[in-house]
Amino acid sequence: MTHRGFILQATYRIRAGMPVIHLYGRLQDGRSFLLRDARRRPYFYVAAEAAPRVKAIAGWDAAPTDLCALSGEPVWRVETVLPADAAAARDALHRAGIDTFEADVRFATRYLIDRGVKGACVIRGQGSSGSGVDLVFDDAEIAPDHDADAVPLIPRVLSFDIETDPRADTLLAISLYGLGSDEVFIVDPAGRSMPDGAIGLPDESRVLDAFCRRVAELDPDVLTGWNVVDFDLTFLAAVAARLRRPLRLGRDDGEMRLRKAEGYFGSGAASIPGRLVLDGIDLLRGAFVRQDDYSLEAVARAVLDEGKALHGAVDDRVGEILANYRNDLPAFARYARTDARLPFQILQKLDLVTLAFARSRLTGMTPDRVAASIASFDFLYLMELRKRGRVAPSVRSSDSRVHVAQAGGHVFEPRVGLHDNVWVFDFRSLYPSLIRTFNIDPLGFVAESANGNGGGNLIVLENGAAFRRDPAILPGMLDELFPRRAAAKRAGDEVASQAIKILMNSFYGVLGTPACRFHNAAIANAITSQGRHLLQWSKTWFEARGFEVLYGDTDSLFVHANTADAAHAAEQAKQLARAVNADLDAYVSERWQVRSALELEFEKLYVRLILPSVRSGTSGARKRYAGLRYGAEEVEFVGMEVVRRDWTELAKQVQRELYRRLFADEPVDDYLRDVVAALRRGELDERLVYRKGLRKSLQEYTSSTPPHVAAARKSPSAPGRIVAYVMTVAGPEPLDARSAELDREHYLERQIRPVAEPILTSLGRDFDRVIGDDRQLGLF
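Residues numbered from 1 in each chain as written. Predicted model: local features only at pLDDT ≥ 70, side-chain atom pairs only at ≥ 80, totals over all residues. Heavy atoms only, no water.

A.B. asks: Which residues make up the packing of aromatic side chains, and what are the values?
C.D. replies: Counted according to the given criterion, the structure contains 30 aromatic pairs. For the pair Phe-425 and Phe-542, a centre-to-centre distance of 4.9 Å together with 35 degrees between the ring planes defines the contact as tilted. One end of the pair, Phe-425, is in strand β22 (residues 417–427); the other, Phe-542, is in helix α15 (residues 521–544), with 117 residues separating them in the sequence. Overall, Phe-542 belongs to the buried group, its relative accessible area being 0%. Where Tyr-431 meets Tyr-508, the ring centres are 4.6 Å apart and the plane angle is 55 degrees; that geometry is what we call tilted. Placement of Tyr-431 in helix α12 (residues 430–437) and of Tyr-508 in helix α14 (residues 494–511) is noted, with a sequence separation of 77 residues between them. In this structure Tyr-431 comes out as buried when scored by relative accessible area, which is 16%. The rings of Trp-423, Phe-425, Trp-541, Phe-542, Phe-547 and Phe-602 are connected pair by pair, giving a single aromatic cluster. Above the face of the Tyr-43 ring, Arg-77 is positioned so that its terminal group lies 3.7 Å from the ring centre. Above the plane of the ring of Tyr-325 lies Arg-192, whose end atom (NZ or CZ) is 5.5 Å from the centre. (Phe/Tyr/Trp six-rings, centres within 6.5 Å; stacked < 30°, edge-to-face > 60°. Helix = DSSP H or I, 4+ residues; strand = E, 2+ residues; numbered from the N terminus. Buried < 20%, exposed > 50% of the residue type's maximum accessible area, 1.4 Å probe, protein only. Lys NZ or Arg CZ within 6 Å of the ring centre and 35° of its normal.)

Written out as structure tokens, the structure is:
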């Protein structure tokens, strides 16, 4: 019997002293499943010449294979009983100076790689009824489902949130939203009457039990929430341990496992048998959705235009929650249910869970690991490498490889000033297109010392790196992904298009990361040096036709159109794009004898563009500009204060309005004077909040104390990743412990002046004279 489904979780258990693969998932007919396979054993490889020593050093036999390392040397296979045995053998061999191959690949991941299964699967076998899952398949055959995109799995998602006392010692409530549920379980020893949607239970134990039962009844594939791993699940696990009660949230009897965050920026992870835990914050960051503030309140207001269900001051929310719990149960229940609903609706509106599953189908990573770009690359490349009869080196914790500095993209000096009608030409997916064009690939790489004069079968690039012309793995993967993305865009499938874009753009970064087994600085530099060369070639092409290139950065050129007619400039740009690409194709073909996959697109026309100078200097500021696009009303900002989290709302508002007025040829003096006067009168105080991220724990700031760190140390509550504070006459103070008067002159000098002076300079104005602060200048 054949079943089609999707793998949610890949792990293993030790049963009777042997490892058993456990794959949890959901079939397309809606039933949940567990596939168990006890027939597989962990393995890795060593070079053939080292094979005779393996038994004596590691205690396991090595057997010959028909596989080779990347270098071409033959390898032998070492098979163990348990995954832990393989890790111990690997470490013993490394200590003895013997290299291993693929000895760090996870046992369950190895199982999927060997079968080419990337999320979607076909199961061939007879299933039996299970406990916690609908069907159990024992030692069934599993294969990839190549038609999975036609009927993708729609995961069952349940969001939850907890409420605690202010010290996070005692559980007050657990709320759920999704799969038809919108309810809250409240700890209520007094037996009070409950509002709609609330269920009162006498103690924490009963609430925990009710929560676990409800999760089992609703049977979600995905549990989610906001900071759900590091706070909610971690707290619930501690409560369960204190009460000596199990916290059974999975589809079988296995325990939930929590992994603490590594490093200050890291996030923890939770493993619940048969269910995924996807934290809303991690999904947002993993999809590169940028927010100034990642708190639920801030994101909900930005995405849903709705905040938390509280009415008191922002800095006393904890107190209001506790007061409502004691005295206003309807308000408390409404707040708790809202905290479970908002993450669900944010993820739904942004399609973030759907995106995670789409990325899983592309990379083979389970949806909770798709943001791991190195692991994703590993999965895809190792799978293709095996088809070539090759194996890859193990990643070692203390890699002895020499790390060579990597060069970035090329940046041309900006032509400072205000410009009319400026074209922006952009290389479409530059780095992936370079990989495709020049056959850049770890397997096909030939070191400079070995490539001689290049020969007919080598493509020698600008930095001396050479690549064979034979069909390569990485370019082949991109050759498949590019048309798939184009088809997704034509079909209006933004989720699939975004998933493919994220994957393609990760390839260069992975190759340039020492933690990747395929890391090679020469390969990464081959990509960037080739990009710099072709950006310079494009600049020369435009200049030879009489156009001035005002600025360039990595994959973009800003070209002055030499015309006052914007409509004519827009039409002319399309003709130039066709001409430059035809010449680029010819140049690449003639010099390297390859077919170009590069395309320089006409991206946009700025009818007004300002390229500012660096502060306290005359040279152009790189990666900073503002422009008004042809046919648009809003000014676009790149790299400027308005798009940075650590500038106040006042500075951003002033910058937006000043540039709007500048590009519309409207006066700026009166506006700026009025803003400064309102600032000094205290009318703009609510817009003076700084938000700055902590890069490490407060205790680790020893050599210096930045303002946001000083403010965070004055706060009575533990700081999050983002510190909100104001500057007062007594220095920086947090919002929840402000005691002194605001230093409004600080904001004038540090916020308004820096955003106003570039515009005033372009107009020949002086900031102090405009705002009326030049009276003292006349006395000297």
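From this point, the discussion proceeds with the structure in view.
A.B. asks: Pulling in residues and values, what's your account of the confidence of the model for the chain?
C.D. replies: This prediction gives the chain a mean pLDDT of 91; 94% of its residues lie at or above 70. Mean pLDDT values over the elements of the chain span from 86, in helix α8 (residues 317–327), up to 98, in strand β16 (residues 222–225). Taken as a whole, residues 776–780 scores under 50 in pLDDT and shows zero contacts with residues more than four places along the chain or in a different chain. (pLDDT = per-residue confidence, 0-100. Contact = heavy atoms within 4.5 Å.)

A.B. asks: So what's going on with the pattern of salt bridges? Which residues, and what values?
C.D. replies: In this structure the tally under the stated criterion is 64 salt bridges. Linking Glu-548 and Arg-415 is a salt bridge whose minimum nitrogen-to-oxygen distance equals 2.3 Å. Of this pair, Glu-548 sits in the loop between α15 and β26 (549–553) while Arg-415 sits in the loop between β21 (411–412) and β22, and the two are 133 residues apart along the sequence. Exposure remark for Arg-415: the relative accessible area of 43% places this residue in the partly exposed category. Here Arg-687 and Glu-686 are joined by a salt bridge, their closest N and O atoms 3.6 Å apart. For Arg-687, a relative accessible area of 28% gives the class partly exposed. According to the relative accessible area criterion, Glu-686 is exposed, its value standing at 54%. Ionic contacts of the salt-bridge type, sharing partners, join the residues Arg-26, Asp-219, Asp-221, Arg-251 and Arg-275 into one network. (Salt bridge = Lys/Arg side-chain N within 4 Å of Asp/Glu carboxyl O.)

A.B. asks: Tell me about the environment of Ser-703, and name the residues and values.
C.D. replies: As for its position among the elements, Ser-703 is in the loop between β31 (690–693) and α19 (707–714). In this structure Ser-703 comes out as exposed when scored by relative accessible area, which is 72%. As a C-alpha pair, Ser-703 and Glu-601 span 102 residues in sequence and 47 Å in three-dimensional space.

A.B. asks: Can you explain the sheet that holds strand β2 (residues 18–27)? Please cite residues and give values.
C.D. replies: Spatial strand order, β9-β10-β3-β2-β1-β8-β11: seven strands in an open sheet with mixed pairing. Two strands lie at the open edges of the sheet, namely β9 (128–129) and β11 (141–144), each paired on one side alone. Pairing of strand β3 (residues 32–37) with strand β10 (residues 135–138), which is carried by four bridges, proceeds in the parallel orientation. Its bridge partner lying in β10, Phe-33 is registered against Leu-135. Sheet strands in contact with helix α3 (residues 107–115) are β1 (2–15), β2, β3 and β11, and its direction is about 65 degrees off that of β2. (Pairing = 2+ DSSP bridges. Axes fitted to C-alpha atoms, helices over the stretch in contact; angles between N-to-C directions.)

A.B. asks: Before we move on, can you summarise the side chain of Arg-90 with the specific residues and values?
C.D. replies: Within the secondary structure, Arg-90 sits in helix α2 (residues 83–95). A polar contact of 3.1 Å, which involves the side chain of Arg-90, links it to the side chain of Asp-91. Not counting chain neighbours up to four residues away, the residues in contact with Arg-90 comprise Phe-44, Thr-100, Ala-103 and Asp-104. (Polar contact = N/O pair within 3.5 Å; in protein donor to acceptor, adjacent residues only side chain to side chain.)

A.B. asks: How would you sum up the pairing of strand β19 (residues 276–279)? Please name residues and give values.
C.D. replies: Side chains on a regular strand alternate between the two faces of the sheet. With burial as the criterion, each face of β19 is covered, one bearing Leu-276 and Leu-278 and the other bearing Val-277 and Asp-279. Where β16 and β19 come together, four bridges link them in parallel fashion. Bridge pairing in β19 links Thr-224 to Leu-278.

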